[in-house]
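Residue-level listing of the chains:
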Amino acid sequence: MKNYIFTLMALSNHLSVHSFITPIVTSVKKLNENFYKTYEPAGTIYGTHANQCIFYPGLYGTVPNELYQSFLGKLASNNLTVHTLDAKMKNSYINIKAIVYNNPTTIIAHSSGAYEAIEAAKYQDNVDRLVLLDPVNMQSGPQIGFDMSIPFMEKKEDKPIYKLPTSIKEVVIINAKKSYKWTFYPFKPPFIPIFAISPDQFEGVKKSVIETDEHGHSDILDYYWSNIMHNSLSEGLMERDELKIDQYHAWVAKEIAGYVIKDEPMPRLASGKWDF
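An account of the accompanying structure is given in this report. As the structure is a computational prediction, the values presented were derived from the model and not from experiment.

By the element assignment, T38 lies in strand β2 (residues 34-41). Reaching out from T38, the side chain makes a polar contact with the side chain of H83 at a distance of 2.9 Å. In contact with T38, other than residues within four places in its own chain, are V25, T26, S27, K29, T81, V82 and H83.

So, in structure tokens, the structure goes:
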């Protein structure tokens with residue numbers, strides 16, 4: 001019996017080390033009175049990891065990063081180091097460069113967090129990739145009574161055009177297509193209407209697009225919160241199974257990681273055919 005227990009322990013240790021899922025560590029850090037949280041592979045030597053990412057959440061950065069725990073963890077388990085920033089840190093671009101040790105960095109943004117991502121890229125010449133999940137900008141449609149200053153933007157037939165720094169190699173847009181569809185029975189307007197940012201709004205940079213028909217704008221959130229959004233404002237995957245949402249996070253994270261680590265363009269996948 002004792003030998004059996006030791007065998008199970010040895011097997012468990014072997015699986016944890018050699019599993020396809022890398023163990024991760026989450027920690028809160030502080031730099032010059034600015035706080036940030038890091039999700040990274042376990043055993044990372046401080047300051048040496050090359051696959052650096054900054055994440056900007058939705059609603060112009062006001063959605064708590066804690067609502068994306070599953071997705072952020074999946075990114076880290078794919079050998080990425082991902083930093084989320086507090087409100088003060090977001091505007092401290094010198095400090096942002098410091099926490100990634102001025103390494104080449106990918107900015108990942110959800111929804112209108114794309115606005116902050118584009119703004120941040122303006123001040124950080126080490127940023128070489130933008131990955132935008134259902135990117136939104138309220139100026140990409142008709143004006144609705146307020147004005148916002150948008151970086152790198154020129155008006156071209158009333159359509160915002162973004163001119164990114166030359167350090168940006170490629171912009172990758174991942175669209176959950178239910179965010180853009182009308183539902184009539186029952187009636188429900190799309191969560192992202194005419195304010196979506198499209199690939200042709202970026203000039204002078206390579207662009208890639210991935211789409212999934214079955215998912216909605218809020219399925220990237222943790223299961224509990226994505227369910228609340230699904231049942232109210234933003235319809236998502238109809239099969240509200242926690243495992244299915246977890247697999248979606250794993251698929252998105254895997255594709256992003258492949259793009260960051262291999263520096264290869266992300267393939268356009270057939271709808272619903274995800275390789276986990």
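Still more to cover.
Counting 30 residues, the largest nonpolar core has F71, L75, V252 and I256 as the members making the most contacts within it. At the level of elements, β3 (52-56), α3 (69-77), β6 (127-133), β9 (170-176) and α8 (242-262) are the ones that each hand at least two residues to this core. Residue contributions to this core peak at 8 residues, all from α8. Beyond its immediate stretch of four places on either side in the chain, L75 contacts L80, V82, I108, A253 and I256. In terms of nonpolar packing, the next biggest core, distinct from the first, is built from 27 residues, A120, A121, I173 and I197 among them.

This part takes up the pattern of salt bridges. All told, the structure shown has 10 salt bridges when counted by the stated rule. One salt bridge in this structure joins K30 and E33, with 3.4 Å as the shortest N-O distance. With a closest N to O distance of 3.5 Å, D213 and K177 form a salt bridge. With D213 in the loop between β13 (206-212) and α7 (223-230) and K177 in the loop between β9 and β10 (183-184), this residue pair connects regions lying 36 residues apart in the sequence. Through salt bridges that share partners, K177, E211 and D213 make up one connected network.

Criteria and cut-off values
Residues numbered from 1 in each chain as written. Predicted model: local features only at pLDDT ≥ 70, side-chain atom pairs only at ≥ 80, totals over all residues. Heavy atoms only, no water. Helix = DSSP H or I, 4+ residues; strand = E, 2+ residues; numbered from the N terminus. Polar contact = N/O pair within 3.5 Å; in protein donor to acceptor, adjacent residues only side chain to side chain. Contact = heavy atoms within 4.5 Å. Core = buried A, V, L, I, M, F, W, Y, C linked by side-chain atoms within 4.5 Å. Buried < 20%, exposed > 50% of the residue type's maximum accessible area, 1.4 Å probe, protein only. Salt bridge = Lys/Arg side-chain N within 4 Å of Asp/Glu carboxyl O.

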